[in-house]
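Close look at the chain arrangement
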Amino acid sequence: MPELKAARPWFAGIDSTVLQQNVKRLDTAYKNFFEGLRFPKFKNRSNFTSFTFVMGVKIQGNKIYLPKLGWMRFHSSRPIPIGFTIKACTVRKRQNGWYVSLRIEDKSVPDYTTKPLKDVVKIVGCDMGITKLVHLSDGSQIENPKFSTTKKAKRTLRIRSRRVSRKAKGSKNRKKAAQKVGLLHQKISNKRQAHHWKVAKKIVDRKIDGIALEDLNISGMMRRCRVKLEEKTGRFLKNGQAKKKGLNRSISDAGWGELILKIEYLAVKQGKVVIKINPKYSSQECRKCGHIDKSNRDGEKFICTECGYHEHADIGAAKTIRDRALKLVRGDSAKPGACT
Ligand SMILES: [Zn+2]
């Protein structure tokens, strides 16, 4: 930090804990890289959309004090409960303004305890999808409202982004039009978040000890198709990416990863266990005879080509995920790497 501060005199205007947090961010980025993720991207000042203070933040009524920035007015959406102290404060820039989130702590509040695995008896299995967001092993389904991939939403997005591209580059009007696109994206994201919280609550708030989820590799699923070249001429051939693009958009619109995070958060609060299961063949395996075949599944229907057993394919998959979790808990067949 001292070397960086000497080279960049404007760092003097930034609170030292904010700078420290950014060094920490870089550290995690490098740690992730050494564990096999992407090399950290270069970031300049304009790339940062958030920063974190760990000390010196004060709140009085509708005013907040941020070190080096001073007192400013803010909308206090929720009062801080008595006995809690502010541990960190993150300021985030979104399309329509700046948002503050506070991490608070009360040492006298006991930690949440999760049930030991041997006491887990009732588990609900979840299978994430696109036509329905979640299929549960008890047979219930949760709708997927498709916030950004409905016909109407796609049309609005298309029109608004076309308005941007038709305005002169660098003009004020282009900036204004781009802001409108951003606002629409923010609105969609807010709606999706709200729906996710409702869904997560619906899944966790039941008489169960654990929730079995698929251990999904979402970025792997959204990877682009490999480029196909014609051998003689070296021209590009169709590789199915155009079709895949639509699916990728649906996957990111469903936001499974974010939903899983919310389920985990609520589960910890209620002392319930979240078990992540390898979903390999969960929708192709027959639940009666164990026969695995791709042609067992035909859209929503599951019909075993060996024994003729049939049921709803996704609910069957949810049940398989639940059974695999139960097996794991009982230790019948503890497959390495199946549970995290
Ligand atoms: Zn069968």
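All of the points below concern the structure found in this document. All figures in this text were calculated on a predicted structure; none of them were measured in a lab. (Residues numbered from 1 in each chain as written. Predicted model: local features only at pLDDT ≥ 70, side-chain atom pairs only at ≥ 80, totals over all residues. Heavy atoms only, no water.)

**Observations concerning the coordination of the zinc ion**
Note the cut-off: Metal donors were taken as nitrogen, oxygen and sulfur atoms no farther than 2.8 Å from the ion, or 3.2 Å where the ion is Na, K or Ca. Water is excluded, so coordination may look unfinished. By the criteria applied here, four donors are tetrahedral when all angles lie between 85 and 135 degrees, four are square planar and six octahedral when opposite donors are over 155 degrees apart and every other angle lies between 65 and 115, and any other arrangement is irregular. Each helix is a run of DSSP H or I of at least 4 residues and each strand a run of E of at least 2, with the numbering of both proceeding from the N terminus. Summary of the burial criterion: residues with accessible area below 20% of their type's maximum are buried, those above 50% are exposed, and those between are partly exposed, where the area comes from a 1.4 Å probe applied to protein chains only.
Taken together, the protein donors to the zinc ion comprise Cys286 (SG), Cys289 (SG), Cys304 (SG) and Cys307 (SG), at separations of 2.3 Å. What the four donor atoms of the zinc ion show is an angle range of 107 to 112° at the metal, which sorts the shape as tetrahedral. Read N to C, the donor residues that coordinate the zinc ion are spaced as C-x2-C-x14-C-x2-C. Of the two residues, Cys286 is situated in the loop between β13 (273-277) and β14 (297-298) and Cys304 in the loop between β15 (301-303) and β16 (310-312); the sequence distance between them amounts to 18 residues. Look at Cys304 and you get buried, because its relative accessible area is 4%.

**Overview of the packing of aromatic side chains**
To describe a pair of aromatic rings, you give the distance between the ring centres and the angle between the ring planes. Under the convention used in this document: By convention, a stacked pair of Phe, Tyr or Trp rings (six-membered ring in the case of Trp) has centres within 6.5 Å and planes under 30 degrees apart, an edge-to-face pair has planes over 60 apart, and any other such pair is tilted.
Applying the stated criterion to the full structure yields eight aromatic pairs. When the centroid spacing of 5.0 Å and the interplanar angle of 90° are considered together, the rings of Phe33 and Phe39 count as edge-to-face. The class of Phe33 is partly exposed, set by a relative accessible area of 29%. Take Phe39: its relative accessible area is 48%, and that puts it in the partly exposed class. With 5.7 Å between their ring centres and 75° between their planes, Trp197 and Tyr265 make a pair best called edge-to-face. With Trp197 in helix α4 (residues 172-204) and Tyr265 in helix α7 (residues 256-269), this pair connects stretches of sequence that are 68 residues apart.

**Here we look at the sheet that holds β16**
Just so we agree on the cut-off: Any two strands are treated as partners once DSSP identifies two or more bridges connecting them. Working rule for contacts: check all heavy atoms of both residues, and any pair within 4.5 Å makes them a contact. Fitted lines through C-alpha atoms give the axes, limited to the stretch in contact for helices. The angle between two N-to-C directions lies from 0 to 180 degrees.
Spatially, β14-β15-β16 is the arrangement adopted by the three strands of the open sheet, whose pairing is antiparallel. The open sheet has two edge strands, β14 and β16, and neither has a second partner. Bridging between β14 and β15 involves two bridges; their strand directions are antiparallel. Bridge pairing in β15 links Arg297 to Phe302. Along the sheet face, helix α8 (residues 313-330) touches β14, β15 and β16 and points at about 90° away from the line of β16.

**With respect to α7**
Where we set the bar: Expected span, for any helix, means 1.5 Å times one less than how many residues it has. An arc is given here, and it is the one of the directions from the helix axis to the C-beta atoms.
For α7, built from 14 residues, the straight-helix expectation of 20 Å at 1.5 Å per residue is met to within 8% by its first-to-last C-alpha distance of 20 Å. Taken as a whole, α7 has its buried residues at Trp256, Leu259, Ile260, Lys262, Ile263, Leu266 and Ala267. Axial view of α7: buried residues confined to an arc of 165°, hence all on one face. With its phi angle positive at about 70°, Gly271 sits one or two positions after the end of α7.

**Description of the nonpolar core**
Inclusion rule: The criterion is simple. A nonpolar core is a set of buried Ala, Val, Leu, Ile, Met, Phe, Trp, Tyr and Cys residues joined through side-chain atoms within 4.5 Å.
Grouped together as the largest cluster of nonpolar side chains are 24 residues, with contacts concentrated most on Met128, Val134, Ile203, Ile211, Leu213, Leu259 and Ile263. Elements represented by at least two residues in this core include exactly β7 (123-128), β8 (132-136), α4, β10 (210-214), α6 (241-254) and α7. The leading source of residues in this core is α7, at six residues. Ignoring any residue separated from it by four or fewer positions in sequence, one finds Ile203 in contact with Cys126, Val134, Leu136, Ile142, Ile208, Ile211 and Ile263. Counting residues in each nonpolar core, the second largest holds 11 residues, with Val120, Ile123, Ala212 and Leu326 among its members.

All we've got here are geometric facts, nothing functional implied.
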